[in-house]
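As a plain string of letters, each chain reads:
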Amino acid sequence: MNTEDEEEIGRTETTCRICGYDSDDPVFNEYGVPQYVICPCCYNESGIGDDNVSQVRELRGHWVAIGAEWHEPKLRPTDWDLLEQLANIPPQWR
Ligand SMILES: [Zn+2]
C-alpha cells in the first residue's frame, strides 16, 4: 500500500464541519458517506448542507453570528472555548 492509498482510506470524520465539535463518533464514514448525526453543539446534521465548503462557511457564519449557542448546553464543557473548537475544523472545511 502506498502513501496515497492510506490517505484515501481511513478518512472517517468525527469532527463537525460547521463548528468543529468532536464527538468521537463518525459524522462521515471512511468513504465520506454522511452518517446524518445531529451535532449537539451547532445543531447541524452531517450530510445536510455541509457537503460543499461555501455552504459550510455560510452555516458556520450564521451559527457564530447568532451567538454560537449549544443545542445541548449540558454537553458544553465549562472551559469551552469557541476559537479552540473552531481550530478542530479540518483544513478543507475552514
Ligand atoms: Zn457542529
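As shown above, the structure is provided for reference.
Residues numbered from 1 in each chain as written. Predicted model: local features only at pLDDT ≥ 70, side-chain atom pairs only at ≥ 80, totals over all residues. Heavy atoms only, no water.

**Digging into the coordination of the zinc ion**
The protein atoms that coordinate the zinc ion are C16 (SG), C19 (SG), C39 (SG) and C42 (SG), at distances spanning 2.3 Å. Here the zinc ion is ringed by four donor atoms whose angles at the metal span 103 to 114 degrees, and the overall shape comes out tetrahedral. Read from N- to C-terminus, the donor residues coordinating the zinc ion fall into the pattern C-x2-C-x19-C-x2-C. (Donors = N, O, S within 2.8 Å, 3.2 Å for Na, K, Ca; no water. Tetrahedral: all angles 85-135°; square planar, octahedral: opposite > 155°, others 65-115°.)

**Quick look at unusual backbone geometry**
Although it is not a glycine, D24 sits at a positive phi angle of roughly 70 degrees. Mapped onto the secondary structure, D24 falls in the loop between α1 (3-8) and α2 (53-65). Residue class for D24 comes out exposed when judged on its relative accessible area of 63%. Positioned with a positive phi, Y43 is a non-glycine residue whose angle comes to about 75 degrees. For Y43, the location among the structural elements is in the loop between α1 and α2. (Helix = DSSP H or I, 4+ residues; strand = E, 2+ residues; numbered from the N terminus. Buried < 20%, exposed > 50% of the residue type's maximum accessible area, 1.4 Å probe, protein only.)

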